[in-house]
Every structure is written in C-alpha cells, then in structure tokens.
Amino acid sequence: MPLANTFAALPPAFYTRLMPTPLPAPYFVAASAPAARLIGLDPALLAQPDYVELLSGNSVAERSLPLAAVYSGHQFGVWAGQLGDGRAILLGDIATASGPMELQLKGAGATPYSRMGDGRAVLRSSIREFLCSEAMAALGIPTSRALAIMGSNQGIVRETVETAAVVTRMAPSFVRFGSFEHWYARKKPAELKILADYVIDSFYPQLRDSANPYASLLQEVCTRTAHMIAHWQAVGFMHGVMNTDNMSILGLTLDYGPFGFMEAFDAEHICNHTDSQGRYSYANQPQVGHRNCHALGQALLPLIGEVPLAQAALDSYEPAFAAKMNELLRAKLGLRTEQGDDTRLFDAMFAVMQANHVDFTNFFRALGNLQLHAPDSDAPLRDMFIDRPAFDAWAVQYRARLLAEHSVDAARKLAMDQVNPKYVLRNYLAQVAIDKAQQQDYAEVAQLLAVLQKPFDEQPEHQHYAALPPDWASHLEVSCSS
Ligand code: AMP
Ligand code: MG
C-alpha cells in the first residue's frame, strides 16, 4: 500500500509517533467495496492475510509513519482540556483521483492520549461506525468513510465483556475544531498558525489569496457545517455526541458513536442514552452546530485579528443552514419552485408528523406516491396517522402547492425517490447484524451494507429492511460505551 504521511510533516508537538498495538489473531469481518475502489484497491484483497495484518495494526506499510494526533475540546458544553487520538492511529495518506485520503485505524491500542481508556474498540461499535459511514456516503452526506473491519477474540471490558475490532476509517483529514481549540487554550499562537496554514494549504487552497484567509476559513467551515447538519436533519440522522472534538474541519460527519435515525417522529428525540439533558436532540442539532462554530471562531480569533470579521463569518451559519434546509425540504416534497410561504407548509407538516409520531423515513418515501387528482390514493399514507383528518388538512395545502406549480405525478415521484431514502440504518437493523456477528456470522453485516449502499432503490427483495422496528427494539439503548 503506497502510503505517505503528510500530517507527519507538522512539528512533533502535533502528535506522537507510535506503532499500533498488535491485535491477537485478527480475522476479516467486513469491507466496503466502494471505499476500497476510492483508494484504488481491489476489494477482494481486503480479506487476504496481508491486508488483515495491515488493517488490524499487526504490520505497517513501508513508508507509513503511524501517529496519534493531539486535540482538545468542549464535551457536553464543558471545556474538557486535552483529549486526542486515544485509540485511533493515523497510518498515512494515499493518493486518489480527488486528492490524498488518510487511513486511520480505530481501536488500534493505547496512545499517550488514552487517559483511562484501553485504546480498543468493541466489535459492536465498530460495526455501527462501519455501516453508518458507508450508509451516509451512499445518502450523499459528507462523511468520513470506512474501509474494513478486522476482528479478534480478545476480550474487551465494557458493561459486559465483548470482543475487539479495528475499523479502518478514511477521510482527507481528521483535524477537528478541537485541534484548533487545543492551541488556543494553551496560548500557543505559533502552533495555531501552523495548523491553520496546513489546513488552508492542504484543503482550502482557494482561500489563500483572500484578504483574511483565517476569517475565510472560519466562514467556509461554518457553511460546510451548516450544510452537513441540514443534510442530517433531512434524513433524520442524529449524531448523538456533537462535542467540538467530534466536529470535522472539513464539514464531514465524524466519530460515529451513539447515533440514530429518526423513526417515530419526535423533534425532541435523544438518540444517546448518556445524554440525559437532551443537549444533542434532533431539534437542537442545528444550533449546536452554530455554537460549535463559535468555539472554533474563538480559537481562530488570534489569527483573524478582528472580532467583527470573526462575527461576520459566524453570522453566515444561520442563513446557510436555512437555505440548504429549505432546498432539501423542497426536494423531499417534490417541489420544483420556491415560494414565500414554503416554510409554513414545512412547519405544518412537521407538526402533524410530530402529533402522530409517524415513521420519518417511511412517511417521506410514501409521500412520493401521492397522486394529485386521486385523493383515494392517499390511503397508505393516511394510515400512518392516527389523526387522519389532520393529515388530510395538510394534504389539501400540499396538493394546492403542487397544483400551483403544475406538478406531474410520475416525474415528481421519480425525483422524490432519489432524495427520500427507502432504507436507513435503523438501530434494530444494526443490532440484528451485531448479534449475528457476535456469533461469528458476518453475512448479515455484508447484506445490510449492500442494502444501505443503494438507499434510494426499491430493492423489493429486501423490503423487510424498510420495516418499522419490532417490539423488542423499543428496549434498545445506545450509549457512549464503545
Ligand atoms: P468519543 O466520545 O468516542 O469521540 O471519544 C472522546 C475521547 O475519548 C477521544 O479522545 C477518544 O480518543 C477517547 N476514547 C474513547 N474511547 C476510548 C478508549 N476505549 N480508549 C482510549 N481512548 C478512548
Ligand atoms: Mg471523538
């Protein structure tokens, strides 16, 4: 594997060079073919012994300079001080058609930043991160990728004893908001500047010539973050731990832990059992994104120099979010034009979804079947609502809006089916795959991945993957334990 390590060219203060801790008797669990192709690898190779060794941290490619990066961050609104890659090891980067892609092993052993942790990840959380990264990519949402999972029978203590696994993640960079906060908190402007220049030169070269490149960087990150979160809201994705150390400087969805996809719609839903206050609920995500950008702005202030410039960059967040959210919602409703009162239509829709706790994914998918001149065709859609008259009242508004823009049923359905997924990673689907994998049966991980890689296709043979959660799933709790 032809690896360089561009990040390793930064001064030593930014990381600790170290080797992964070998994983006892590693074996292949799963791989993503599209992720492999992205870095020019034949996916079939990933199950071969050489790659099992490499992607479990048991051997290291020739030019690789493995390292763990340092960062800090705000966790649940509180300054947490130094964190860093406590169990992730950057192997290096690999050239691709769209620029260098970093490869990182997650769960590859303790580092100087492990604090009380063991440096490992369990198979359960590794499968969740692997599946969701690839599912989000297939949904067209900016995200880090997952190449493969390698497992081991090594016991790992969490609430119970589980087994270990290593996920290979890929992203152009794993630099986080917290990477900047780290040097700001330590009052090290020189290091702050080195990091900002590295990020601009490597990933935002077009900003180099702007009047104030650091203000432009903040503005660009605000825009990307706002757009990413609009995408999350539009598919009902909840990250679960939007701490600043989990916010990517490239606006990628990063650090999949206790995430969830909205099922019975409740804007206040909290996917992370550990988040007792609901700080990172579905409804709160957009404003948390803004607040996290503030933390980044604060950290960049010594470079930006003038508060009004930083403020102006931060002020771009809300309009960027609103514009993207409205664009995505119009697409979800199959609207081709923009009208002044669209947000009233959206608000009324969410109110009736909320009151009836309709399944988020299935509602939008079914909405594409609505026929303009045949209200009887609404039956399957109406049946999702307990209060059917409330749905009917909203459908009257929606039909009027569609008629006003001369919408055509067949064309609208085609367009809506390309933005309203039929398949998302419901918690219970992940749990079924995890339960089987814990019995050494990995076929369901591969099957579920295959379904999620084509989320907009009907796949009638896989219809059951779009089913509502079974009764047993109401007891599923997802926490920070990973
Ligand atoms: P997370 O909530 O997974 O984003 O992790 C927050 C911080 O804790 C990061 O610095 C991680 O590297 C670290 N961490 C989480 N789990 C472990 C573990 N098992 N061993 C070492 N460090 C960990
Ligand atoms: Mg993290």
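Thresholds, definitions, all that
- Residues numbered from 1 in each chain as written.
- Chains lettered and ligands numbered in written order.
- Predicted model: local features only at pLDDT ≥ 70, side-chain atom pairs only at ≥ 80, totals over all residues.
- Heavy atoms only, no water.
- Donors = N, O, S within 2.8 Å, 3.2 Å for Na, K, Ca; no water.
- Buried < 20%, exposed > 50% of the residue type's maximum accessible area, 1.4 Å probe, protein only.
- Helix = DSSP H or I, 4+ residues; strand = E, 2+ residues; numbered from the N terminus.
- Expected span 1.5 Å × (residues − 1).
- Bend = angle between axes of the 7 residues up to and from the residue.
- Phe/Tyr/Trp six-rings, centres within 6.5 Å; stacked < 30°, edge-to-face > 60°.
- Lys NZ or Arg CZ within 6 Å of the ring centre and 35° of its normal.
- Near = heavy atom within 4 Å.
- Polar contact = N/O pair within 3.5 Å; in protein donor to acceptor, adjacent residues only side chain to side chain.
- Areas by Shrake-Rupley, 256 points an atom, 1.4 Å probe, with all protein chains shown as cover.
- Nonpolar A, V, L, I, M, F, W, Y, C, P; charged D, E, K, R; others polar.
- Domains from an automatic or database assignment.
- Core = buried A, V, L, I, M, F, W, Y, C linked by side-chain atoms within 4.5 Å.
- Contact = heavy atoms within 4.5 Å.

**Thoughts on the coordination of the magnesium ion (ligand 2)**
Right, on to step 1. At 2.0 to 2.1 Å from the magnesium ion (ligand 2) lie its protein donor atoms, namely N246 (OD1) and D255 (OD).
Right, on to step 2. Residue classification places N246 among the buried residues on the basis of a relative accessible area of 10%.
Right, on to step 3. A residue is classified by how much of its surface remains accessible, and D255, at 13% relative accessible area, is buried.

**Comments concerning helix α7 (residues 285-304)**
Right, on to step 1. Taking 1.5 Å per residue, 20 residues should reach 28 Å; α7 reaches 27 Å between its end C-alpha atoms and fits that length.
Right, on to step 2. At Q298, α7 is bent by approximately 35°, the largest bend along its length, and proline P302 sits one to four residues beyond.
Right, on to step 3. For α7, a buried count of 14 out of 20 residues is recorded, marking the element as mostly surrounded by other parts of the structure.
Right, on to step 4. Within two residues after α7, G305 carries a phi angle of roughly 90°, on the positive side.

**Regarding the packing of aromatic side chains**
Right, on to step 1. This structure, assessed with the given rule, holds 23 aromatic pairs.
Right, on to step 2. Relative to Y256, the ring of F237 has its centre 6.1 Å away and its plane inclined at 65°; by these criteria the two rings are edge-to-face. Here Y256 lies in the loop between β11 (237-238) and β12 (260-261) and F237 lies in strand β11, a separation of 19 residues in the sequence.
Right, on to step 3. Residue F237 is classed as buried on the basis of its relative accessible area of 0%.
Right, on to step 4. Measuring from ring centre to ring centre gives 5.8 Å for F363 and F385, while their planes differ by 80°; the resulting arrangement is edge-to-face. Of this pair, F363 sits in helix α11 (residues 360-367) while F385 sits in the loop between α12 (379-382) and α13 (388-404); the two residues are 22 residues apart in sequence, bridging distant segments of the chain.
Right, on to step 5. Take F363: its relative accessible area is 0%, and that puts it in the buried class.
Right, on to step 6. According to the relative accessible area criterion, F385 is buried, its value standing at 1%.
Right, on to step 7. Three or more aromatic residues joined by ring pairs make a cluster, and in this case those are F265, Y282, F350, F360, F363, F364, F385, F391, W394 and Y398.
Right, on to step 8. One residue, R128, lies across the ring of F259, its end atom 4.2 Å from the ring centre.

**A closer look at the site of ligand 1**
Right, on to step 1. Surrounding ligand 1, one finds 17 residues, the nearest of these being G84, G86, R115, D118 and G119.
Right, on to step 2. Within the side chain of R158, one N or O atom sits 3.4 Å away from a nitrogen atom of ligand 1.
Right, on to step 3. In the environment of ligand 1, an oxygen atom lies 3.4 Å from a nitrogen or oxygen atom belonging to the side chain of D255.
Right, on to step 4. For ligand 1, the protein covers 81% of the area, taking 480 Å² as the surface of the free molecule.
Right, on to step 5. Considering only residue class, the shell around ligand 1 consists of two nonpolar, seven polar and eight charged.
Right, on to step 6. Residue-level mapping places the shell around ligand 1 at the junction of two domains, with at least three residues from each of domain 1 (7-171) and domain 2 (177-257 + 276-327).

**Observations concerning the nonpolar core**
Right, on to step 1. With 157 residues, the main nonpolar core has F180, L333, F363, W394 and Y398 as its most contacted residues.
Right, on to step 2. Considering every element that reaches this core, the biggest residue donor is helix α6 (residues 213-235), with 13 residues.
Right, on to step 3. Two domains each donate at least three residues to this core, and these are domain 1 (7-171) and domain 2 (177-257 + 276-327).
Right, on to step 4. Those residues in contact with F363 that sit more than four places away from it in its chain are M349, M353, V358, L381, M384, F385, F391 and W394.

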